[in-house]
Amino acid sequence: MDPTPGAEAHRLPLRIYYEDTDFSGFVYHASYLRFMERGRTELLRALAGDQSEMHAEGTGLVFVVRKMTLDFLKPARMDDWIEVHTRSSALRGASMHLAQEVRRGGEVLVRADVVVACVRNGRAIRLPDGLRRALTPAGLRSV
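Caption draft 1: Structural detail: the nonpolar core. Counting 27 residues, the largest nonpolar core has Tyr32, Phe35, Phe63, Ile82, Met96 and Val102 as its most contacted members. Taken together, the elements giving at least two residues each to this core come down to β1 (10–15), α1 (29–48), β2 (61–72), β3 (81–91), β4 (95–104), β5 (107–120) and α3 (129–135). Per-element tally for this core: the top contributor is β5, with six residues.

Right, here's the structure in full:
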C-alpha cells in the first residue's frame, strides 16, 4: 500500500470461520475476495451512506470492480482475527483506485490494488462529486 499523506484507512475487523478455510485449514484464496468486498462496501457506507438507498432511489448508479491485483503474502487460519484496511489511492473521472490490505495484528497477509468503476445503465460515468470529496483526503490526486 503506497502511503498517501493524510489518507486514513477504513478498518473492518473479521474473524475467520471454518467456512472460510480449505481442506488444509488455511483461508481459501477466494475468501479474501469476499473480505475485501466487505471492506470496500463498509468504506463506501462510512463515506456516502447505504448503497441500497442509491439503488432504491432509482439512480441506477452501481460500482463494479474493473481490475484487481492481489499479492498473497501469508496465510490466515480458522479463528484468527483479521482486519481489512481500505483506502483511496487515486481517483479518476469514472473510477476510484483503492489500496487494500488484509492484516493479522501487525502482519500484512494479502495486498490488493483495486480499480472500481462507477457505472449507470451499463456505461461508465463520473464519480458523484460528494463521493469524490469524501474519498479525497489531503494530498490525494484526483483527476
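Caption draft 2: Up close: the packing of aromatic side chains. Scanning all chains against the criterion turns up two aromatic pairs. On the numbers, 6.0 Å between centres and 85° between planes, the contact of Tyr32 with Phe35 is edge-to-face. Of this pair, Tyr32 and Phe35 both sit in helix α1, separated by three residues, roughly a single helical turn. Classification of Phe35 by relative accessible area gives buried; the value is 1%. Counting every residue linked through ring pairs, the aromatic cluster contains Tyr32, Phe35 and Phe72.

Caption draft 3: Inspection of the side chain of Ser95 at higher detail. Checked against the element boundaries, Ser95 lands in strand β4. By relative accessible area, which is 12% here, Ser95 ends up buried.

Caption draft 4: Structural detail: a nonpolar patch on the surface. On the surface, a cluster of nonpolar side chains totalling about 230 Å² of accessible area is made up of Leu33, Leu70 and Phe72. Topologically, Phe72 is positioned in strand β2. Take Phe72: its relative accessible area is 42%, and that puts it in the partly exposed class.

Caption draft 5: Focus on unusual backbone geometry. A positive phi angle, close to 75°, is found at Asp79, a residue other than glycine. One non-glycine residue, Asn121, lies in the positive phi region at around 50°. Here Asn121 shows up in the loop between β5 and β6 (123–124). The exposed category is assigned to Asn121, whose relative accessible area is 72%.

Caption draft 6: Layout of the environment of Gly105. Tracing the sequence through the fold places Gly105 in the loop between β4 and β5. As for Gly105 and Asp80, which are separated by 25 residues in sequence, their C-alpha atoms are 9.7 Å apart.

Caption draft 7: Looking closely at the pattern of salt bridges. Considering all chains together, one arrives at nine salt bridges under this definition. With its nearest N and O atoms 2.5 Å apart, the salt bridge here joins Arg103 to Glu101. The exposure class assigned to Arg103 is partly exposed, which follows from its relative accessible area of 24%. The shortest N-O distance in the salt bridge between Glu107 and Arg104 comes to 2.8 Å. Of the residues examined, Glu107 reaches a relative accessible area of 28% and is grouped as partly exposed. One network of salt bridges, in which partners are shared, links Lys74, Asp80, Arg104 and Glu107.

Analysis parameters
- Residues numbered from 1 in each chain as written.
- Predicted model: local features only at pLDDT ≥ 70, side-chain atom pairs only at ≥ 80, totals over all residues.
- Heavy atoms only, no water.
- Core = buried A, V, L, I, M, F, W, Y, C linked by side-chain atoms within 4.5 Å.
- Buried < 20%, exposed > 50% of the residue type's maximum accessible area, 1.4 Å probe, protein only.
- Helix = DSSP H or I, 4+ residues; strand = E, 2+ residues; numbered from the N terminus.
- Phe/Tyr/Trp six-rings, centres within 6.5 Å; stacked < 30°, edge-to-face > 60°.
- Patch = residues over 30% accessible without salt bridge, like charges linked within 9 Å, V, L, I, M, F, W, Y side chains within 5 Å.
- Areas by Shrake-Rupley, 256 points an atom, 1.4 Å probe, with all protein chains shown as cover.
- Salt bridge = Lys/Arg side-chain N within 4 Å of Asp/Glu carboxyl O.

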